[in-house]
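Here's the letter readout for the chains.
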Amino acid sequence: MAATKKSTMQKTVVKTDIAGQTLVTLRTLTEENPASLETYLKLGGYASLKRIVTEKVKATDIITEVKNSGLRGRGGAGFPTGLKWSFMPRYFDGTKYLVCNTDEGEPGTFKDRDIIRYNPHQLIEGMVIAAYTLGARVGYNYIHGEIWQDYEFFEGALQEARDAGYLGENLFGSNFSFDLYAVHGYGAYICGEETALIESIEGKKGQPRFKPPFPASYGVFGKPTNVNNTESYTSIPWIMQHGGKAFADLGVPNSGGTKIFAVSGHVEKPGNYEVKMGMPFRELLALTGGVWKGRQLKAVIPGGPSTAVVPAAAMMDVTMDYDGLSKARSSIGAGSMIVMDETTCMVKTLHRLSYFFYEESCGQCTPCREGTGWVYRVLDRIVNGQGKMEDLDLLTDISNNISGRTICALGEAAATPVLSFIKHFRPEFEYYIQHGKSMVDGK
Amino acid sequence: MLNIEIDGKSIEVEHGSTIIDAADKVGIAIPRFCYHPKLSVAANCRMCLVQVEKFNKPLPACATPVADGMKIFTRSKEAIKAQQSVMEFLLINHPLDCPICDQGGECDLQDIAVAYGASGSRYTEEKRVVVNKYIGPLVSTDMTRCIQCTRCVRFLQEVGGMQELGMVGRGEHAEITAYVDKSVNSELSGNIIDLCPVGALTSKPFKYSARSWELTRRPSIAPHDSLGSHIEVHVKDNKVMRVLPREKESINECWLSDRDRFSYEGLNSPDRLKVPMIKHNGAWVETDWKTAIEFASGQIKDITNQYGADALGVLVSPNSTMEEGYLAKHLASGLGCGNVDYRLRQTDFRLDGKRVGTPWMGVNIDEIEKLDRILLIGSNIRNEHPLLAQRFRKAVANGAELSIVSPLDNDPLMDIAHKVIVRPNDMVNVLGQILKAMSGLQRLSLCLPPTLTKLLEEIKVRPNTQAMAESLAGHGKDYDLIAPKVGIFLGNMALSDPRFTEMYSMAEAIGGISGAKGGILPAAANSTGMHLMGVMPSSTGMHARAMLEVPRKAYLLVNIEPELDCQHAALAKEAMQKAECVVALTAFKSQALEHADILLPIAPFTETSGTFMSMEGRVQSFYAAVKPLGECRPAWKVLRVLANTLGLDGFEFESSEQVKNTIFGGEKPSHVVWRSLNNNLKELVEIEVKIKSSGLQRIGEVPQNESDPIVRRATSLQKTKYNIRPMARMCEMQIQALGLADGDIVLAKQDKGSAVLKVKLDNHVAMGCVRVAASHELTTGLGDLMGDITLEKSSETDYKPYDTLIMEARA
């Protein structure tokens, strides 16, 4: 079963145009059959793991190396991975857990899917190294429910790794054991929030937990748990192979390594681009073939809908790293870049985005449950020509009232687009309200 | 201790407190909906957001632990802004139908909206509508009003023991619902009405009957089980409209069982007897009090003169007050009659005269949750004492190991460490095994009566009882407790069992070895009080069972329906039939009193003052909440006047307080109680080891909503799943052994009587037993609650529809 899945998927996958990219987490893409274990081994895969386990490298040394790499959480929050690892209790009487978050559910997010599709073994190796470092006995990779085929494919890769002795009992004859399982969600965006994801793994309704306690002390089944993003774990084997400094040097200060940008929208060649941190936006845009049909750039959502939109003029000078985007008052998010050309109606775009957050609020806490619906309904009214000028201030106020008052970050995620769209494109909204139709397409 | 500052007030709080705890302690009100001190913290309503120095966003006070030096502002501009914004969100989809909402006037949302809400709404879009759910006959739902605080969900899961409600759907579509096609069946379900901060969950029986501000609230004591829960009786126009819990941390905390909450419907039942009645030529005739009392006293005098005082039998309900019990006993002794008893559902009276004091539960109610090891013998705890079960549940949640020896395997909704489910006959043997195993663990020879020592020699300890004994001795999986706090309790089934003496003696011996506390879990509101006052036969008198076995010429019944309240229904019926005169003090004109001759209408607990003594020996007096209905009079007055008319001395009481003072000899009740409560036996009691090994045994459990005359008439409670037609419930093996099948019709025979029943597969019943509910009109033909029974296959035609049978029984 696993073997057939592997071969059918691999034939479809040969990607040659990698010019301008720096492949770390997608490094197998230069090869034929990128996802296969042989390919990964050929590139030196699992060697770091073997060295670490057989030479009994100290956990503290590994954490130091990860800290030196400047690796920051790739899921959106950008928390330094090495620091997070150091929060896991060293001595704990019981099972510790490791969780990988492959539940990318935000519109425009599709980078982790390519990692498990084209380079699953590097993720597995990264997780085993993390498990060794943190003393975790059991791991789960929580995969977005809509990418079922990829979930099944990853199950195949896991079996390959188990058969080859990279997962299971007493790895490489040591007393280190680690079991890794794939878990799939059922399509709730909120399960990408780490504590909702943990609830979902436990078989409960996906709803964020109140923090503290953080997963490091109270995670899966109430046990210490480390949760990282797929791309973060996948960076680990490279760091172990080449050293933390080498990884840090790929990027810029405060943003080490490479980052996959899942570029969608109005570009000639949408897709995943893994580039060095700090690459100027202009260059990244050029890699994607530029804005399609020769049109002008209007705005970019640099990190996914939960990050603030940046107008074209400001965006052209931005460098693609944590600090660069924060200077543009946005954020790198999960690197889900949505490019919008001059024909895009910002009112309708926001209307669509707000519908997403309205539908995906888990409903647990009041501001998000009630506020996202309110925002959507007001925008819906505006789009249907029933808007009032005071609605813009109302939308801003509702969003400010959601932001910072919820259990999890979805409150901010839902508020940010509303606030940034209205801030940067207010005249367009005003026009729509006055004329009952879009300034851009006249409809 | 940590030093913090709230709104400028410096206070010291315990480590681990949350901001809301600290604020509550100093009386600073932080608005809240989802937070409840008895439930886990959900932090989902966000109403309690407060500003904390050094934090750039407001924090929920309910979920934020305090840190040393923390400065909290609950009324700062930022805090108020956050609270107001949450209030606005909560109201946008709320229907604001307060004028037609039962919660109006006692609604958290309404109250807090007055303080934090705006006078108008900025929300002009369509409001959400949520379909109502049917969750049973007690709780009414208006789900559009729900604010998703999940208090009801958490209560049923954490306190009720089973998650019967949950939140399904995401975002705005999130709604509270029960499992598909299921209702909420918890015997504590009414508490979710109190917990609901809005009008989403309201009382179904109370619906639309009064506004909360029209009600006068009067304190009282719950009359059904022996917990002594504090209640608040809500009255309008001299009618009890509803009953709510009154907070009493050491007894009922802030909860109330459904039986205690909804039984008030029985008080307003059309069955209520409003005037005295005398049977004249076989027909009931209404009369006045003077005639009735004189007639009654004349009859009693005639019979006692003619046949001797011994010809009278006095049966008193254990749900009657201490005052009533005292007067009934003294009326009898004044006549020279020793036949008085309150133990209507007891079979085994061999321990009479051998007790040191009054048997009680042996611990305080709030000590239960601190026990480490618990042994429950013959108790279906959720049925008998619904709210006490919750204390046991807490103990188990705190890590206690629960062992059960019982003929019924009903889920107590808590983890059971060890259980042995056997016939009552074999329970004696099982307890013997535990005793033997424990003495083996202690390497100790016991000072036991010779019969018991001999029995123990013959008994072979099985692995499961060995495990139970080890658990009671404190042995544990991870670590051993050297001095575990052990509690051993005997429940209703043990109390009604003909082998009660054996069970009790062994439980006492096991308790002696394990250093356990514990005792009996008395069934009724005043069982302990009745025992304390000695409402029991004199040394020459007859106990409740004997009075029925050897019928008396006359009976004085206080607050009972003989065939429903006595352990042998058929005997009770027959005895009443044969008697020349039955004088019944009763609140209801009952079918079960058809064979009475004089009915004297008495006031139920809400219409009289009185005193109950609880299972933990707490003496609690209460006043009348309303005036007596019609011509009803408090039973203590009726007994007093009856005694006066009979020409007896010592009945010059002007108030129930005077009776109470006489009972306690002017001493403080707690002093008397402290001196009297004692579970020990004066001497070693010989046990009988004639244990039959064959024969089918009846488990005649009293369903919780059939336990006394009031609750039997509470119409909404009667609609719950606890009140279904009695059936012959047996496990699969037993059904097969009898050559029957699930759904067969059988004729159940006990002694002289019988009942036609349907066989029902119930694997919670021990092999060798058949569970047939007692205290039901359809099983009054049967005998001993815990006696032998036979089943014969019968035909479908004998099985009449429920309504027909009830009509026939009532005709």
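Since the model is a prediction, treat every value here as computed from it, not as a measurement.

Chemist: I'd like a description of the overall build of chain B, backed by residues and values.
Modeler: A count of helices and strands for chain B gives 27 helices and 32 strands. Against the globule reference of 28 Å for 811 residues, chain B gives a C-alpha radius of gyration of 28 Å, in line with a compact fold. In terms of principal-axis extent, the alpha carbons of chain B reach across some 90 × 70 × 60 Å. Each of the 811 residues in chain B was classed as buried or not, and the buried ones make up 62%. Of the roughly 31200 Å² of accessible surface on chain B, a fraction of 51% belongs to carbon and sulfur atoms.

Chemist: An account of the pattern of salt bridges is needed here, citing residue identities and associated values.
Modeler: All names here are of chain B. Scanning the entire structure with this criterion turns up 76 salt bridges over all chains. Among the ionic pairs, R350 bridges to E502, the shortest N-O distance being 2.8 Å. With R350 in the loop between strand 16 (340-341) and strand 17 (373-377) and E502 in helix 16 (residues 500-514), the pair connects residues that are 152 residues apart, well separated along the chain. Close ionic contact of E401 with R373 constitutes a salt bridge, the shortest N to O distance being 3.8 Å. Residue E401 is found in strand 18 (residues 401-406), and its partner R373 is found in strand 17; the two are separated by 28 residues along the sequence. Assessed through its relative accessible area of 18%, E401 is described here as buried. Since its relative accessible area comes to 4%, R373 is described here as buried. What emerges from the salt-bridge pattern is a single network uniting K38, E249, E253, E369, R391 and K394.

Chemist: I'd like a description of the sheet that holds strand 12 (residues 239-245) of chain B, backed by residues and values.
Modeler: Residue and element names in this part refer to chain B. If you trace the three strands from one edge of the open sheet to the other, you get 10-11-12, paired in antiparallel fashion. Two strands close off the open sheet at either side, each with one partner strand: strand 10 (216-221) and strand 12. If you compare each strand with its neighbour and ignore which way they point, the axes differ by 30° on average. The sheet contact formed by strand 11 (residues 230-236) and strand 12 spans six bridges and is antiparallel. Residue K236 lies in a different strand from strand 12, and its bridge partner there is K239.

Chemist: Would you mind going over the nonpolar core in detail, with residue names and values included?
Modeler: Residues L165, L331, M361 and L388 of chain B are the most contacted members of the largest nonpolar core, which totals 126 residues. Of all the elements, helix 9 (residues 322-335) of chain B adds the most residues to this core, at seven residues. In contact with L165 of chain B, not counting residues within four places along its chain, are I135, C152, V153, L156, I176, T177, A178, V184 and I192 of chain B. Among the nonpolar cores identified, the runner-up in size contains 55 residues, and M127, A130, F178 and A216 of chain A belong to it.

Chemist: Residue-level account of a nonpolar patch on the surface, with values.
Modeler: All names here are of chain A. Together, F79, L83 and F87 give the surface a local cluster of nonpolar side chains, amounting to about 270 Å² of exposed area. Mapping F87 onto the fold places it in helix 5 (residues 81-87). On the basis of relative accessible area, F87 is assigned to the partly exposed category, the value being 48%.

Chemist: Any chance you could break down the interface of chain B and chain A for me, citing the residues and the numbers?
Modeler: Across the boundary between the two partners, chain B contributes 36 residues, which contact 34 residues of chain A. Summed over both partners, the interface of chain B with chain A comes to about 2900 Å²; 51% of that surface belongs to carbon and sulfur atoms. The tally of links between chain B and chain A comes to six salt bridges. With its nearest N and O atoms 3.1 Å apart, the salt bridge here joins E370 of chain A to R128 of chain B. For the pair chain B and chain A, the number of links is 19 residue pairs in polar contact (both at pLDDT 80 or more). Of all the elements in the fold, those that place two or more residues in the side of chain B that touches chain A are helix 2 (77-92) and strand 7 (165-168) of chain B. Ranked by the residues each element gives to the side of chain B that touches chain A, the list is headed by helix 2 of chain B, at eight residues. Residue composition of the side of chain B that touches chain A, by class: 17 nonpolar, nine polar and 10 charged.

Chemist: Hey, could you go over unusual backbone geometry for me, with residue numbers and the actual values?
Modeler: Residue P212 of chain A is bonded to the preceding K211 of chain A through a cis peptide linkage, with omega at -5°. In this fold, P212 of chain A is placed in the loop between helix 9 (194-201) and strand 4 (225-229). Cis peptide bonds are those with omega within 30 degrees of zero, and the linkage from P212 of chain A to P213 of chain A qualifies with 0°. With phi around 65°, D181 of chain B is a residue other than glycine that occupies positive phi space.

Chemist: Please provide a residue-by-residue account of the sheet that holds strand 2 (residues 138-143) of chain A, values included.
Modeler: Residue and element names in this part refer to chain A. Taken in spatial order, the four strands of this open sheet run 3-2-1-4, and their pairing is parallel. Of all the strands in the sheet, the pair left with one neighbour each is strand 3 (179-184) and strand 4. Going across the sheet, the axis of each strand differs from the next one's by a mean of 20°, ignoring polarity. Bridge count between strand 1 (residues 97-102) and strand 2: six bridges; the pairing is parallel. For C100, the partnering residue across the bridge sits in strand 2 and is N141.

Chemist: Give me the lowdown on the confidence of the model for chain A, citing residues and values where you can.
Modeler: Averaged over chain A, the pLDDT score is 93; the fraction of residues at 70 or greater is 96%. Across residues 1-14 of chain A, where pLDDT falls below 50, the model places 17 contacts with residues more than four positions away in sequence or in other chains.

Conventions adopted
Residues numbered from 1 in each chain as written. Chains lettered and ligands numbered in written order. Predicted model: local features only at pLDDT ≥ 70, side-chain atom pairs only at ≥ 80, totals over all residues. Heavy atoms only, no water. Helix = DSSP H or I, 4+ residues; strand = E, 2+ residues; numbered from the N terminus. Rg over C-alpha atoms; globule rule 2.2 N^0.38 Å. Buried < 20%, exposed > 50% of the residue type's maximum accessible area, 1.4 Å probe, protein only. Areas by Shrake-Rupley, 256 points an atom, 1.4 Å probe, with all protein chains shown as cover. Salt bridge = Lys/Arg side-chain N within 4 Å of Asp/Glu carboxyl O. Pairing = 2+ DSSP bridges. Axes fitted to C-alpha atoms, helices over the stretch in contact; angles between N-to-C directions. Core = buried A, V, L, I, M, F, W, Y, C linked by side-chain atoms within 4.5 Å. Contact = heavy atoms within 4.5 Å. Patch = residues over 30% accessible without salt bridge, like charges linked within 9 Å, V, L, I, M, F, W, Y side chains within 5 Å. Buried area = accessible area lost by both parts, 1.4 Å probe. Polar contact = N/O pair within 3.5 Å; in protein donor to acceptor, adjacent residues only side chain to side chain. Nonpolar A, V, L, I, M, F, W, Y, C, P; charged D, E, K, R; others polar. pLDDT = per-residue confidence, 0-100.

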